[in-house]
Amino acid sequence: MSDESAVDRTPEQPLDRSLEKRRLEQEKKDERKVWYFLAYFLFGIHIVAFVMIYAVRHAK
């Protein structure tokens, strides 16, 4: 029985590695997108804050 399960696993093993490799690549891309989103968000908050500071200081 153990020989049959080993024979069944060998064709799946390269497929599993390929799927794992693709999953890791996709995870890396997704993580990079999250960091870009965070950077743009924080940059936008600072722009809004500077505009508000300017508006308050120049209000009459």
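Whatever comes next refers back to the structure up there.
What counts, and where the lines are drawn
- Residues numbered from 1 in each chain as written.
- Predicted model: local features only at pLDDT ≥ 70, side-chain atom pairs only at ≥ 80, totals over all residues.
- Heavy atoms only, no water.
- Patch = residues over 30% accessible without salt bridge, like charges linked within 9 Å, V, L, I, M, F, W, Y side chains within 5 Å.
- Areas by Shrake-Rupley, 256 points an atom, 1.4 Å probe, with all protein chains shown as cover.
- Salt bridge = Lys/Arg side-chain N within 4 Å of Asp/Glu carboxyl O.
- Lys, Arg positive; Asp, Glu negative; His and termini not counted.
- Charge placed at Lys NZ, Arg CZ, Asp CG, Glu CD.
- Buried < 20%, exposed > 50% of the residue type's maximum accessible area, 1.4 Å probe, protein only.
- Helix = DSSP H or I, 4+ residues; strand = E, 2+ residues; numbered from the N terminus.
- Phe/Tyr/Trp six-rings, centres within 6.5 Å; stacked < 30°, edge-to-face > 60°.

Is there a simple way to explain a positive patch on the surface in this structure?
Taken together, the side chains of Lys-28, Lys-29, Arg-32 and Lys-33 define a basic patch exposed on the protein surface. On the basis of relative accessible area, Lys-28 is assigned to the exposed category, the value being 55%.

Would you explain the pattern of salt bridges in this entry?
Between side chains of opposite charge, pairing is possible as soon as their charged atoms come close. Applying the stated criterion across every chain, the model contains two salt bridges. As a salt-bridge pair, Glu-20 and Arg-23 come within 2.8 Å of each other at their nearest N and O atoms. Placement of the pair is Glu-20 and Arg-23 together in helix H1 (residues 2-57), with a separation of three residues, close to one helical turn. Given the relative accessible area of 37%, Glu-20 is considered partly exposed. Among the ionic pairs, Glu-27 bridges to Arg-23, the shortest N-O distance being 3.0 Å. Of the two residues, Glu-27 and Arg-23 are both situated in helix H1; the distance of four residues between them amounts to about one turn of the helix.

Just to check I follow, could you spell out the packing of aromatic side chains for this structure?
To describe a pair of aromatic rings, you give the distance between the ring centres and the angle between the ring planes. In this structure the tally under the stated criterion is one aromatic pair. Ring plane angle 15° and centroid distance 6.4 Å describe the contact between Phe-37 and Phe-41, whose orientation is recorded as stacked. With Phe-37 and Phe-41 both in helix H1, this residue pair falls four residues apart, about one helical turn.

Help me understand a nonpolar patch on the surface in this model?
Where nonpolar side chains cluster on the molecular surface, the patch consists of Trp-35, Phe-37, Leu-38, Phe-41, Leu-42 and Ile-45 and spans about 640 Å² of accessible area. Summarising the element assignment, Trp-35 is placed in helix H1.

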